[in-house]
Amino acid sequence: PSRLLKREITRNSLSSPISRLFFYQTGGHMNTKNKLADIFCTLPKQLLQLFSASPEMLVLGIPALRIISISFVFAAVTILCGYFASGLGNGMVNMLSAAIRQLVLLIPCLWFFIKTLGITHGWYAFWIAETIACIYSYCISHKLLKNISQ
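Rules and cut-offs
- Residue numbers restart at each chain and count upward from 1, following the sequence in its written direction.
- Under the rules for a predicted model, residues below a pLDDT of 70 receive no local features and side-chain atom pairs below 80 are neither given nor counted, while totals for whole chains, interfaces and linings still include all residues.
- Each side-chain value is worked out from all heavy atoms of the structure, with water and hydrogens disregarded.
- Throughout, an axis means a line fitted to C-alpha atoms (over the contacting stretch in the case of helices), and angles, computed between N-to-C directions, take values from 0 to 180 degrees.
- Put simply, DSSP marks the helices as runs of H or I at least four residues long and the strands as runs of E at least two long, and each gets a number from the N terminus on.
- Oblique is the label for any angle not covered by the other classes, which are roughly parallel (under 35 degrees), roughly antiparallel (over 145) and roughly perpendicular (65 to 115).
- Here is the rule for handedness: rotate from the far helix to the near one, and if that takes an anticlockwise turn smaller than a right angle the crossing is left-handed, while a clockwise turn gives right-handed.
- We call two residues in contact when some of their heavy atoms are within 4.5 Å.
- Three classes are used, and their members are as follows: Ala, Val, Leu, Ile, Met, Phe, Trp, Tyr, Cys and Pro are nonpolar, Asp, Glu, Lys and Arg are charged, and the others, Gly among them, are polar.
- We call a residue buried when its accessible area falls under 20% of the maximum for its residue type, exposed when it is over 50%, and partly exposed in between, using a 1.4 Å probe and counting protein chains only.

Colleague: Even after reading the chapter, I still don't get the packing of helix α5 (residues 72-87) against helix α8 (residues 125-149), so can you show me in this structure?
Modeller: Each pair of packed helices gets described by two things: the angle between the helix axes and the distance between those axes. Packing of α5 against α8 leaves a shortest axis separation of 8 Å and a crossing angle of 30°. Classified by the angle their axes make, α5 and α8 are roughly parallel. At the point where α5 passes α8, the crossing takes the left-handed sense. Residues F74, A75, V77, T78, C81, F84 and A85 of α5 lie in contact with α8, whose contacting residues are E130, T131, A133, C134, S137, Y138, S141, L144 and L145. Residue classes in the contact of α5 with α8 are distributed as 11 nonpolar, four polar and one charged.

Colleague: Would you mind going over the packing of α5 against helix α6 (residues 92-117) with me for this structure?
Modeller: The contact between α5 and α6 brings their axes to 7 Å, and the two run at 155°. Taken together, the axis directions place α5 and α6 in an arrangement best described as roughly antiparallel. Taken together, the residues of α6 that come into contact with α5 (itself represented by T78, G82, Y83, A85 and S86) are V93, N94, S97 and R101.

Colleague: Would you mind showing me how to read the environment of W111 here?
Modeller: Structurally, the position occupied by W111 is in helix α6. Sequence separation between W111 and G122 is 11 residues, and the spatial gap between their C-alpha atoms is 7.6 Å.

Colleague: Before we go on, may I ask you to explain the side chain of S141 in this structure?
Modeller: Structurally, the position occupied by S141 is in helix α8. Residue S141 is classed as buried on the basis of its relative accessible area, which comes to 2%. Every residue in contact with S141, bar those within four places of it in the chain, is listed here: C81, F84 and A85.

Given below as structure tokens:
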């Protein structure tokens, strides 16, 4: 977020030091994830060629990396919220968000999309899994933060 936006959010809703620390840490990490997403989205062929990808792999891999790279932003929030909750003494949030993302959502969604729409559309399962895990992690971390503030 911009400097003005950070100042406004901090002034209005993030009065405790813990809230400010979490807000600034999330912003910094999200910028890194956005840069990684940009690299994966704009240079997928070059990334795949680092591993001597065959022409068939390039045909499948380039769209896959572009689709999956969008979920990196949600993954950043999920991971940071999990670490934040772990730091507050609730490590279950991190474990549950990883389980939700990878076991409960990603595998069944991948199976469903590949069976119904084909391999080229299976990668959209990452969006669904990351978005739902992100929402879960954010809500639980926000609840923990409210409990600490009181």
